[in-house]
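Observations on the three-dimensional arrangement
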Amino acid sequence: MELLKLVIVDDEPILLQGLLCTYDWKSMGFEVVGTAQSGGQALEVIRDKRPQVVLTDIRMKQITGLMVMEQIQKEDWDCLFIVLSAYRDFEYAQQACDLGAYAYLLKPLEDDKLQETMRGAYETCMEQQKNEAKYESWENLLMKDTTSFLQVVVQKYVQNLMPVEKVREVFDTLQDVLLAGDRFIAVCVDIDLAYKITNSLDYEASRMALREVLEQQFSKRYFYWKVESEEGNCIYLIKTQENTTVKEIKQILEHAKKEEKNPVVAAISKPYKGMEGIKRSSQEAEELFRVASVAGASAFTLPEEQTSQSQGDEGETLIVNAVRRNNGQELKEAFIHFIYNMPQENELQSRYLHKVMLKIELMLKDTYGLTEKLSEQFQNYYSNMKQLSAARAVDVCYKILCSAIEERQELAAGDTQGYFKSYISDAVAYIDEHLNDETLSIVSVATHIYLNPVYFGRVFKNTFHMTFKKYLLQKRMEKAKQLMADRNASIGMICEQVGISNPSYFSHLFKQYTGKLPSEYKKEYEV
């Protein structure tokens with residue numbers, strides 16, 4: 001047992017000696033490192049020895065125990081005070097409590113009461129030391145990895161999940177994050193969405209390759225944070241004080257396009273000052289990116305290039321949302337809005353429609369409702385779109401999307417759980433087979449059964465009436481209980497077989513689940 005430092009204070013020498021000699025302080029977890037017979041001496045000893053606990057009489061001449069408590073608190077030394085008094089004086093007890101005394105004991109002391117109080121004080125001090133060590137480790141981690149911490153803060157700020165006041169408080173605490181004259185330029189960049197349809201296998205690899213090239217170039221020149229937009233596109237928030245940065249960024253993007261030979265779509269915001277500039281630049285870049293996406297592959301959009309295309313983008317969003325909500329009337333109104341705001345050029349009109357259909361097809365794939373019949377209709381539209389006039393293309397698109405809504409409504413009204421029964425069965429089998437895989441997650445399981453992770457999570461919860469995380473933990477703990485029937489199975493071996501490599505963390509989870517530590521459960525099972 002780690003011994004904590006204790007100082008005992010009493011102005012009556014006989015009583016002080018009795019406290020020292022009568023009790024076995026070490027068995028209670030304390031080493032008496034000093035004594036005092038007055039308040040003045042007590043202050044000197046406490047300052048010198050820095051104890052975790054002080055046991056002091058309240059009534060002393062000149063400087064009382066309460067005055068000692070008050071002075072030590074002013075000096076910002078955090079220790080527990082246990083106060084003693086021979087008087088049944090409520091006023092003194094109340095003052096002691098107001099000053100934060102851990103306990104108030106009456107003389108003559110009862111052995112059981114003293115031991116109970118000292119044990120409680122010991123546990124409180126140890127818990128406090130543990131928390132301080134934890135806080136210090138987190139503080140060290142923060143100082144070592146400030147960039148990653150700020151990345152999370154900025155991401156939350158951009159997504160409106162953290163108010164500007166809190167972000168400012170973080171920046172002020174870390175200091176030198178934001179300097180006078182700092183401006184932010186947001187770059188929203190990705191592989192063209194159409195590429196996902198025509199080259200689905202190469203799409204993610206191309207995105208990663210593009211990001212690697214850009215980050216390599218950006219890191220050489222600028223300080224930046226990387227965040228994701230609501231639609232999953234990558235946004236680089238570049239901090240600068242130079243006027244030539246926008247031009248440099250465009251050159252980097254052009255170089256990346258040529259080097260990777262991929263259909264790149266990108267948008268660059270204007271520079272905006274200060275903390276507000278972080279959010280303003282990212283919002284502008286996202287808006288410009290939507291405009292660039294309509295123009296198609298290899299489009300680079302700057303703020304001054306923005307046109308009335310944003311009106312078309314608004315209509316596009318209304319159409320996608322109408323299909324997502326299975327609302328036919330809303331779809332009709334969205335199409336009317338979309339048509340009235342389309343550009344005059346036939347080529348641009350076709351691009352607008354093509355982009356809308358691509359987004360809706362991907363949305364249907366990621367949720368539910370893209371049947372074989374619908375998939376065929378989409379592919380027929382893509383194959384024949386060049387031969388269709390703009391007016392005819394609008395009519396064809398509208399009919400396809402009406403069909404999509406009808407099929408989604410039928411599916412939603414039917415037995416959704418029955419529809420996904422085979423998916424869930426495959427998922428459960430995959431989980432059982434890979435319980436020993438520490439990286440097993442809702443994403444890996446959803447990927448295995450070809451479902452969107454978010455939608456799979458909802459279906460899974462509706463089926464089992466619990467989250468995927470809780471189900472996985474339950475499966476692992478039940479398997480661990482079975483494995484403990486084998487007397488030769490070590491805790492380490494069991495950890496490996498249930499996919500939890502850290503024995504301490506496993507023991508913590510197991511106790512939460514069963515109410516017993518693994519060692520206790522094993523002994524009980526053997527008996």
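Considering the overall build of the protein chain
- Helices and strands together make up the secondary structure of the protein chain, namely 24 helices and 11 strands.
- Across the 527 residues of the protein chain, 43% fall into the buried class.
- Taking the intrachain contacts of the protein chain between residues at least 6 apart in sequence as the baseline, contacts between residues at least 24 apart amount to 66%.
- Of the roughly 28,900 Å² that the protein chain leaves accessible, carbon and sulfur atoms contribute 49%.

Some details on the packing of helix H21 (residues 468–483) against helix H23 (residues 503–514)
- With their axes 10 Å apart at the nearest point, H21 and H23 run at an angle of 95° to one another. Of the possible angle classes, the one that applies to H21 and H23 is roughly perpendicular. For the pair H21 and H23, contact is made by Leu473, Gln474, Met477, Glu478, Ala480 and Lys481 and by Phe506, Leu509, Phe510, Tyr513 and Thr514, respectively.
- Here the residues of the contact of H21 with H23 are counted per class, giving seven nonpolar, two polar and two charged.

A closer look at the confidence of the model for the protein chain
- Per-residue pLDDT for the protein chain has a mean of 81; in total, 86% of the residues score no lower than 70.
- When pLDDT is averaged over each element of the protein chain, strand E2 (residues 30–36) comes out on top at 95 and helix H17 (residues 416–419) at the bottom at 52.
- Here residues 304–312 scores under 50 on pLDDT; set against residues more than four positions off or in separate chains, the count is 14 contacts.

Here we look at the side chain of Ser85
- The topology assignment puts Ser85 in strand E4 (residues 80–85).
- Judged by its relative accessible area of 1%, Ser85 falls in the buried class.
- With near-sequence residues (within four places) excluded, Ser85 lies in contact with Asp57, Ile58, Tyr104, Leu105, Leu106 and Lys107.

Considering the sheet that holds strand E1 (residues 4–9)
- Spatially, five strands are ordered E2-E1-E3-E4-E5 in an open sheet, and the strand pairing comes out parallel. Only two strands of the sheet have a single neighbouring strand rather than two, namely E2 and strand E5 (103–106). On average, each strand axis in the sheet is inclined to that of its neighbour by 20°, with strand direction left out of account.
- Direction of pairing for E4 relative to E5: parallel, over a ladder of four bridges.

Some remarks on empty space enclosed by the protein
- The tally for this structure, following the rule as stated, stands at one cavity of 30 Å³ or more.
- Of the voids in this model, the largest cavity is the one considered here, and its volume is about 40 Å³.
- Class assignment of the residues belonging to the lining of the largest cavity gives a composition of two nonpolar, two polar and three charged.

Notes on the nonpolar core
- Formed by 30 residues in total, the largest nonpolar core has its most connected members in Ile319, Ile360, Phe378, Tyr381 and Leu401.
- Going through the elements one at a time, helix H12 (309–324), helix H13 (328–340), helix H14 (346–366), helix H15 (372–384) and helix H16 (390–413) are the ones with two or more residues in this core.
- Apart from residues no more than four positions distant in its own chain, Ile319 is found in contact with Leu331, Ala334, Phe335, Phe338, Val356, Ile360 and Leu401.

Some remarks on helix H20 (residues 453–464)
- Relative to the 16 Å expected for 12 residues at 1.5 Å per residue, H20 spans 16 Å between its end C-alpha atoms, a close match to the ideal helical length.
- Every buried residue belonging to H20 is among Tyr455, Phe456, Gly457, Val459 and Phe460, and all of these are buried.
- Phi turns positive one or two residues past the end of H20, at His465, with a value near 60°.

Some remarks on helix H7 (residues 164–174)
- When we look at burial in H7, the residues that qualify are Val167, Val170, Phe171 and Leu174. All buried residues of H7 project into a common sector of 95° when viewed along the axis, lining one side. Residues of H7 that are exposed and point more than 90 degrees away from the buried face comprise Glu165, Asp172 and Thr173.
- Once H7 finishes, Gln175 follows within two positions and takes phi at roughly 65°, a positive value.

Observations concerning the packing of helix H2 (residues 39–49) against helix H3 (residues 65–74)
- The interhelical angle for the contact between H2 and H3, taken along N-to-C directions, is 35°, at an axis separation of 10 Å. The chirality of how H2 crosses H3 is right-handed. Between H2, through Gly39, Ala42, Leu43, Ile46 and Arg47, and H3, the contact on the second element is made entirely by Val68, Gln71 and Ile72.
- Here the contact of H2 with H3 is built from residues that sort into five nonpolar, two polar and one charged.

Points about the pairing of strand E9 (residues 264–268)
- Counting buried residues along E9, five of its five residues qualify, which places the element largely inside the surrounding structure.
- Every second residue of E9 is oriented toward a common face, with Val264, Ala266 and Ile268 on one face and Val265 and Ala267 on the other, all of them buried.
- Pairing of strand E6 (residues 183–191) with E9, which is carried by five bridges, proceeds in the antiparallel orientation. Across the sheet, Asp190 pairs through a bridge with Val265, a residue of E9.

Describing the pattern of salt bridges
- If you walk through the whole model with that rule in mind, you get 13 salt bridges.
- With its nearest N and O atoms 2.7 Å apart, the salt bridge here joins Arg207 to Asp190. Of this pair, Arg207 sits in helix H9 (residues 200–221) while Asp190 sits in strand E6, and the two are 17 residues apart along the sequence.
- Of the residues examined, Asp190 reaches a relative accessible area of 2% and is grouped as buried.
- Lys481 is paired through a salt bridge with Glu478; the nearest N and O atoms lie 3.5 Å apart. Note that Lys481 and Glu478 are positioned in helix H21 at a spacing of three residues, about one turn of the helix.
- For Lys481, a relative accessible area of 22% translates into the label partly exposed.
- Taking relative accessible area as the criterion, Glu478 reaches 32% and is therefore assigned partly exposed.
- Where salt bridges share partners, they join Asp10, Asp57 and Lys107 into one cluster.

Calculation criteria
- Residues numbered from 1 in each chain as written.
- Predicted model: local features only at pLDDT ≥ 70, side-chain atom pairs only at ≥ 80, totals over all residues.
- Heavy atoms only, no water.
- Helix = DSSP H or I, 4+ residues; strand = E, 2+ residues; numbered from the N terminus.
- Buried < 20%, exposed > 50% of the residue type's maximum accessible area, 1.4 Å probe, protein only.
- Contact = heavy atoms within 4.5 Å.
- Areas by Shrake-Rupley, 256 points an atom, 1.4 Å probe, with all protein chains shown as cover.
- Axes fitted to C-alpha atoms, helices over the stretch in contact; angles between N-to-C directions.
- Parallel < 35°, antiparallel > 145°, perpendicular 65-115°, else oblique.
- Nonpolar A, V, L, I, M, F, W, Y, C, P; charged D, E, K, R; others polar.
- pLDDT = per-residue confidence, 0-100.
- Pairing = 2+ DSSP bridges.
- 1 Å grid on protein atoms, 1.4 Å probe; cavity = no way out; pocket = protein on both sides within 12 Å on 5 of 7 lines; lining within 4 Å.
- Points joined across faces, edges and corners; volume = space filled by probe spheres on them.
- Core = buried A, V, L, I, M, F, W, Y, C linked by side-chain atoms within 4.5 Å.
- Expected span 1.5 Å × (residues − 1).
- Arc of directions from axis to C-beta.
- Left-handed = near helix turned anticlockwise from the far one by under 90°.
- Salt bridge = Lys/Arg side-chain N within 4 Å of Asp/Glu carboxyl O.

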